[in-house]
Amino acid sequence: MTVVSAGTAEASPPHIRAQCLASGTAGEALLHIAHARTGFGSTWQAHQVLATCACDLIADEHASLYLGAPAAAFALHTAASSIGGYENALRLLDDTVVRITQRRLEAAHARIDRRQRPDLNEYDLFYGLTGLGAYLLCRDADSPTLKAVLAYLVRLTRPLPRDDQRLPGWWSRQGPSGRITERFPRGHANLGMAHGVAGPLALLSLAARRGTLVDAQRDAIEHICAWLDTVRTDTQSGTRWPYWITTPTEKAKEETRRAHRPRPSWCYGTPGLARAQQLAGIALDDPERQRLAEHAMLACLSDRSQLARVSDAGICHGAAGILQTLHRMAEDAPATFTTHRPRLHALLRQHAPTSRGFLNGTHGVALAALTAKTPTMPCGWDACLLLA
């Protein structure tokens, strides 16, 4: 079976599109759920959309938070927590997600035991164990399988056994595309929320904030934050981080300085990394880490040259994702965050989406806009982004 990426579901068979969170029906259902919760739509409409997500579900090694049984389960969980119902279906899907996760954990630990570097989709948010952990955290913070995922992520932060280079355990043998290429002969360390270490950092921190801890979890959070400090650059316009690092030496800082100033977004760049580190600061009761993250985000939002690099409206790498990240950071930060909302709304209007779907299309943009209008809306749709 071919793995469906975040941007290819529209060209896939109908049953694949239905169970895709990024650009298929499972993602579209999140907006219908939010509309039903806020009175802009009906529960019946939400149910009709959800019913199409739960047929012929993928439950093999390709299943993930954004595709297959876990994606359908996340949509149903969001509905259950917002408008009620779906308890029997969720019980069945929870068992399926646990089985998928346990198989993925066995494979991941075996890979570490062989002292091999990971593929991105072993641990990332979209297709890996971080995403499965995000779903399990939504369902039951005391789940033994969730704790097993957290223990794996703690192990992931450590160098491989007998690694003379002492590279981070998340250093992938692949390039950012998820393929081994000549451009990345030594692989890379990805920093992003979608495919990099910001995702595990956010999950470890959110779980700790809710009281779910495993051995050395706080140490792992501190270790990731300390590593991020080694590759960050502090400039007059604020703190920034690269998308990824390819030089596993003391020259990493130099590489960061040479890198083109990254576009701000949820998936890569300052907003996602700032939220992950804000969550880490809260989980560790580390006000300095929290302030660093919040100041980085405020500087990004105040820098018109950075915002000028935003070229679309979507959740993943566009204005809607920045707006939703701002919303969640503002809940845990000073009121000065809210003064930047009008500028982001202007960016949304400037870059109207040209496609449907949650991650890069109209449905995600509408969800972010609706949340900004109804900030107390208890829908929880952005748990799949690890923002809360």
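Structure: above.
Before going into details, it helps to say that this report is about the structure given with it. Bear in mind the structure is a predicted one, so any value in this text is a computation, not a measurement.

## Details of the packing of aromatic side chains
Next up, step 1: Counted according to the given criterion, the structure contains nine aromatic pairs.
Next up, step 2: With a centroid separation of 5.2 Å and 90° between ring planes, the pair formed by Trp 170 and Trp 227 is classed as edge-to-face. Separated by 57 residues along the polypeptide, Trp 170 in the loop between α8 (144-156) and β1 (189-190) and Trp 227 in helix α10 (residues 217-231) bring together distant segments of the chain.
Next up, step 3: One aromatic cluster is present, formed by Tyr 66, Phe 126, Tyr 127 and Trp 266 through successive ring pairs.

## So, empty space enclosed by the protein
Next up, step 1: Per the counting criterion, the structure on display carries two cavities of 30 Å³ or more.
Next up, step 2: A total of three residues in the lining of the largest cavity trace back to one element, the largest contributor, which is helix α7 (residues 129-139).
Next up, step 3: Among the residues forming the lining of the largest cavity, the class breakdown is seven nonpolar, no polar and one charged.
Next up, step 4: Within this model, the second largest cavity holds a volume of roughly 30 Å³.
Next up, step 5: Looking at the second largest cavity, the residues that line it are Arg 111, Ile 112, Arg 155, Leu 156, Arg 158, Pro 159, Leu 160 and Gly 169.
Next up, step 6: Secondary-structure elements contributing two or more residues to the lining of the second largest cavity are α5 (87-113) and α8.
Next up, step 7: Of the residues contributing to the lining of the second largest cavity, the split by class is four nonpolar, one polar and three charged.

## Some remarks on the nonpolar core
The nonpolar side chains of soluble globular proteins are, as a tendency, buried together.
Next up, step 1: By size, the foremost hydrophobic cluster in this structure holds 126 residues, and its most contacted members are Tyr 66, Trp 266 and Leu 385.
Next up, step 2: Look past the residues within four positions of Tyr 66 in its chain and what remains in contact with it is Gln 19, Cys 20, Leu 21, Ala 22, Ala 71, Leu 125, Phe 126, Phe 358, Leu 359, Cys 384 and Leu 385.

Reading guide: rules and limits
Residues numbered from 1 in each chain as written. Predicted model: local features only at pLDDT ≥ 70, side-chain atom pairs only at ≥ 80, totals over all residues. Heavy atoms only, no water. Phe/Tyr/Trp six-rings, centres within 6.5 Å; stacked < 30°, edge-to-face > 60°. Helix = DSSP H or I, 4+ residues; strand = E, 2+ residues; numbered from the N terminus. 1 Å grid on protein atoms, 1.4 Å probe; cavity = no way out; pocket = protein on both sides within 12 Å on 5 of 7 lines; lining within 4 Å. Points joined across faces, edges and corners; volume = space filled by probe spheres on them. Nonpolar A, V, L, I, M, F, W, Y, C, P; charged D, E, K, R; others polar. Core = buried A, V, L, I, M, F, W, Y, C linked by side-chain atoms within 4.5 Å. Buried < 20%, exposed > 50% of the residue type's maximum accessible area, 1.4 Å probe, protein only. Contact = heavy atoms within 4.5 Å.

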